[in-house]
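Here is what each chain is made of, one letter per residue.
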Amino acid sequence: MTKPSKKKPFFRRLLPPKKWGLAAAISMGAFLGLGFYVLKLSNATSYLSDDPKACINCHVMTPQYLTWNKSSHREVASCNDCHVPQDNVFNSYYFKAMDGLYHSTIFTLRAEPEVIKAREPSVEVIQNNCIRCHDARITDPKLTATVVDHEVHRTDRTCWECHREVPHGRVKSLSAVGYQIEPVEMHVPEDRDVIPSWLKDYIAEDKEKDTVSTVQPTNP
């Protein structure tokens, strides 16, 4: 009577057969290497910070960054202060991860719309953060005690139905707000010159022509 074979541990059962060992090791190495390369290329660690420049890792967000950068909110609020839940750290990073996964998928597939609008979950988060920062200006404690549903009536519409220019404005095209000409350190070295080489060559040629025309003697 043969002894029943012992059942392999769970992790041992995950390993491929020996004949596929080399191919599995190469495939796993390539997969991990490609994953780390993508993380490096996309500056993934920048999304763990509150730096607004992380939002322009995807170039389509440049108008949103520039309009915020020229607004009064720049001095008191970063992108995360408005677009990420602030009730607890776990909810903040969960929302940030889910929203970032959606954005990266859309931008990778080049499926972003011509006009970028906040989705319903983002609208709720932004509205809550507006109320969180401006609660004292939205509701009045005296009226709350005397007027029925005072707080509800003061917060039943989104804030940007009236405050449409805060902070991004209705016009968000690059032709309206300008270009991000200063180097962004998460993309380029700090010593990178703002002026492109072709423009430098053009300026040098133009100056050389001016110099030649100036020193050339005129005919009597």
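As shown above, the structure is provided for reference.
Predicted, not measured: the structure shown is a model, and the values here were computed from it. (Residues numbered from 1 in each chain as written. Predicted model: local features only at pLDDT ≥ 70, side-chain atom pairs only at ≥ 80, totals over all residues. Heavy atoms only, no water.)

S.K.: Can you tell me about the overall build of the chain, naming the residues and giving the values?
M.R.: Secondary structure summary: the chain contains ten helices and zero strands in total. The order of helices and strands in the chain, counted from the N terminus, is α-α-α-α-α-α-α-α-α-α. Of the contacts made within the chain by residues no fewer than 6 positions apart, 63% connect residues no fewer than 24 positions apart. Accessible area for the chain stands at about 18,000 Å²; split by element, carbon and sulfur atoms hold 61% of it. (Helix = DSSP H or I, 4+ residues; strand = E, 2+ residues; numbered from the N terminus. Contact = heavy atoms within 4.5 Å. Areas by Shrake-Rupley, 256 points an atom, 1.4 Å probe, with all protein chains shown as cover.)

S.K.: Give me the lowdown on the packing of aromatic side chains, citing residues and values where you can.
M.R.: A full pass over the atoms with the stated rule returns one aromatic pair. Above the ring of Tyr102, the side-chain terminus of Arg119 is found at 3.8 Å from the ring centroid. (Phe/Tyr/Trp six-rings, centres within 6.5 Å; stacked < 30°, edge-to-face > 60°. Lys NZ or Arg CZ within 6 Å of the ring centre and 35° of its normal.)

S.K.: Could you give me a rundown of the side chain of Asp99, with the residues and numbers involved?
M.R.: Tracing the sequence through the fold places Asp99 in helix H5 (residues 89-108). Sequence-distant contacts of Asp99, defined by excluding residues within four places in its chain, comprise Arg119 and Ser122.

S.K.: Talk me through the environment of Ile56; I want residue IDs and the actual numbers.
M.R.: For Ile56, the position within the fold is in the loop between helix H2 (21-41) and helix H3 (62-69). For the pair Ile56 and Leu66, spaced ten residues apart in sequence, the C-alpha separation works out to 9.6 Å.

S.K.: Can you break down a negative patch on the surface residue by residue, with the values?
M.R.: There is a patch of like negative charges on the surface, built from Asp201, Glu205, Asp206, Glu208 and Asp210. Within the fold, Asp206 resides in helix H10 (residues 197-215). By relative accessible area, Asp206 is classed as partly exposed at 38%. (Patch = residues over 30% accessible without salt bridge, like charges linked within 9 Å, V, L, I, M, F, W, Y side chains within 5 Å. Salt bridge = Lys/Arg side-chain N within 4 Å of Asp/Glu carboxyl O. Lys, Arg positive; Asp, Glu negative; His and termini not counted. Charge placed at Lys NZ, Arg CZ, Asp CG, Glu CD. Buried < 20%, exposed > 50% of the residue type's maximum accessible area, 1.4 Å probe, protein only.)

S.K.: I'd love a proper account of a nonpolar patch on the surface, names of residues and values included.
M.R.: Together, Met28, Phe31, Leu32, Phe36 and Leu39 line one region of the surface with nonpolar side chains, adding up to about 580 Å² of accessible area. Looking at the secondary structure, you find Leu32 in helix H2. We classify Leu32 as partly exposed; its relative accessible area is 44%.

S.K.: Describe in detail H5, supporting the description with residues and values.
M.R.: Over its 20 residues, H5 extends 28 Å from the first C-alpha to the last, a length consistent with the 28 Å expected when each residue adds 1.5 Å. Those residues of H5 lying buried are Ser92, Phe95, Lys96, Asp99, Ile106 and Phe107. Buried residues of H5, viewed axially, fall in a sector of 100 degrees; they line one side. Exposed residues lying more than 90 degrees from the buried face of H5 are Phe90, Tyr94, Leu101 and Thr108. Packed against the buried residues of H5 are helix H4 (79-83) and helix H6 (120-138). Its side-chain oxygen placed 3.1 Å from the backbone nitrogen of Phe90, Asn88 serves as the N-cap of H5. Positive backbone phi, approximately 55 degrees, marks Arg110, located one or two places after H5. (Expected span 1.5 Å × (residues − 1). Arc of directions from axis to C-beta. Polar contact = N/O pair within 3.5 Å; in protein donor to acceptor, adjacent residues only side chain to side chain.)

S.K.: Describe the environment of Asn128, and please don't skip the residues or the numbers.
M.R.: Relative to the helices and strands, Asn128 resides in helix H6. C-alpha separation for the pair Asn128 and Thr155, spaced 27 residues apart in sequence, amounts to 9.4 Å.

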